[in-house]
Amino acid sequence: MPEQLADGVWAADMPLRFYGLEFGARMTLVRLSNGGLLMHSPIAIDPSMKADIDALGPVTHILAPNIYHHVSMTPAIELYPDAKVHLAPGLSKKRPDLPAHAVLSGTPDEDWGGDIEPIPIGGYMLKETVFVHRPSGTLICSDLVENFGTSDHWYTRMFLKVNGVHGKPGVSRALRMAYRDKRATRKSIDAILEHPIEKIALAHGNPIHTNAREILREAYSWIPA
């Protein structure tokens, strides 16, 4: 059952193994002012979860927010064939089988522009766009930041420790290599920090429920202003 993170924002997660690491994955759902639901980075949806989602409202938009968060897009589109599909820049080349009704950018869709501000992360090889949900002060992202307490899986736990993100939110040393233009990235992070965000809905690890703005600022302190 989706967990409510904020007013109008829910999340649901699933197990996920990536190169032997047990990171898990999380989908975020946002209720728009028009009553429709925006589905960010879908996960596998079984009949029970679908019933829970449908109880929140009709899914009208499905987003693949970067070029890696696309694995469950096809099943989600099959479940919600009337939803508008938004893909990260460059994902159509990687997944030509996916319909591309829109490419994510800094311009919001007319259905959710009043609720959500999209912010593309410059200089990032994953081509991620993050979203600020203004009514709740929630930043919605996938791989912008991670927040793992620990892991029962020894290999994952060792990876988190070596990469400096065991027991605290941050950006792993491995993922930092995906930022190729740090000046452009700094500009994007500063644009996010202009918003009074309080929470972060993220894909890997635990959601951040308080003090999100300062946590994000600290997570990207390795990129100088």
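Residues numbered from 1 in each chain as written. Predicted model: local features only at pLDDT ≥ 70, side-chain atom pairs only at ≥ 80, totals over all residues. Heavy atoms only, no water.

Chemist: Pulling in residues and values, what's your account of the pattern of salt bridges?
Modeler: Under the counting rule described, the total for this entry stands at eight salt bridges. One salt bridge in this structure joins Arg186 and Asp190, with 3.2 Å as the shortest N-O distance. Here Arg186 and its partner Asp190 are both found in helix α6 (residues 182-193), four residues apart, which amounts to about one turn of the helix. A relative accessible area of 10% means that Arg186 is categorised as buried. The exposure class assigned to Asp190 is partly exposed, which follows from its relative accessible area of 34%. Through salt bridges with shared partners, one network takes in Arg213, Glu214 and Arg217. (Salt bridge = Lys/Arg side-chain N within 4 Å of Asp/Glu carboxyl O. Helix = DSSP H or I, 4+ residues; strand = E, 2+ residues; numbered from the N terminus. Buried < 20%, exposed > 50% of the residue type's maximum accessible area, 1.4 Å probe, protein only.)

Chemist: So, the sheet that holds strand β10 (residues 116-120): which residues are in play, and what are the values?
Modeler: Read from one edge of the open sheet, four strands run β10-β11-β12-β15, paired in mixed fashion. Because the sheet does not close on itself, it has two edges, and the strands there are β10 and β15 (199-201). Across the sheet, the mean angle from the axis of one strand to that of its neighbour is 25°, orientation sign disregarded. Sheet topology note: the β10/strand β11 (residues 129-133) ladder contains five bridges and is antiparallel. Note on β11: the bridge partner recorded for Glu117 is Val132. Across the sheet, α6 lies against β10, β11 and β12 (138-140), angled at about 165° from β10, the strand it touches most. (Pairing = 2+ DSSP bridges. Axes fitted to C-alpha atoms, helices over the stretch in contact; angles between N-to-C directions. Contact = heavy atoms within 4.5 Å.)

Chemist: Account for the pairing of β11, with residues named and values stated.
Modeler: Counted residue by residue, β11 has five buried out of five residues, so it is predominantly covered. Across the two faces of β11 the burial is the same, with Thr129, Phe131 and His133 and Val130 and Val132 all buried. Pairing geometry for β11 and β12, over three bridges, is antiparallel. Looking at the pairing, Phe131 lines up with Ile140 of β12. Between the antiparallel neighbours β11 and β12 lie four residues, among them Gly137 with a positive phi of about 65°.

Chemist: Report on the packing of aromatic side chains, specifying residues and quantitative values.
Modeler: Per the stated rule, a full pass over the model turns up five aromatic pairs. Taking 4.1 Å as the distance between ring centres and 5° as the angle between the ring planes, the aromatic pair formed by Tyr124 and Tyr179 counts as stacked. With Tyr124 in the loop between β10 and β11 and Tyr179 in the loop between α5 (173-176) and α6, this pair connects stretches of sequence that are 55 residues apart. Side by side, Tyr124 and Tyr179 carry an identical accessibility label, which is buried. Ring-pair connections join several aromatic residues into one group, and the members of that group are Tyr124, Tyr179, Tyr220 and Trp222. Directly above the ring of Tyr68 sits Lys94, whose terminal nitrogen or CZ lies 4.2 Å from the centroid. (Phe/Tyr/Trp six-rings, centres within 6.5 Å; stacked < 30°, edge-to-face > 60°. Lys NZ or Arg CZ within 6 Å of the ring centre and 35° of its normal.)

Chemist: Talk me through the sheet that holds strand β6 (residues 37-40); I want residue IDs and the actual numbers.
Modeler: Taken in spatial order, the seven strands line up as β1-β2-β5-β6-β7-β8-β9 in an open sheet, and their pairing is mixed. The open sheet is flanked by β1 (3-6) and β9 (102-103), the only strands paired with a single partner. The pairing of β1 with strand β2 (residues 9-14) spans three bridges and is antiparallel. If you follow Gln4 over to β2, its bridge partner there is Trp10. Across the sheet, helix α1 (residues 47-56) touches β2, β5 (25-31), β6 and β7 (59-64), and the angle it forms with β5 is around 25°.

Chemist: Would you mind going over the nonpolar core in detail, with residue names and values included?
Modeler: Within the largest apolar cluster, 27 residues are counted, with the highest numbers of intra-cluster contacts made by Leu139, Leu144, Ile192 and Tyr220. Elements represented by at least two residues in this core include exactly β11, α6 and α7 (212-219). Discounting residues that sit within four places of it in the chain, Tyr220 has contacts with Leu144, Val171, Tyr179, Thr185, Arg186 and Ile189. Ile53, Met73, Tyr80 and Leu87 belong to the second-largest nonpolar core, a separate cluster that totals 26 residues. (Core = buried A, V, L, I, M, F, W, Y, C linked by side-chain atoms within 4.5 Å.)

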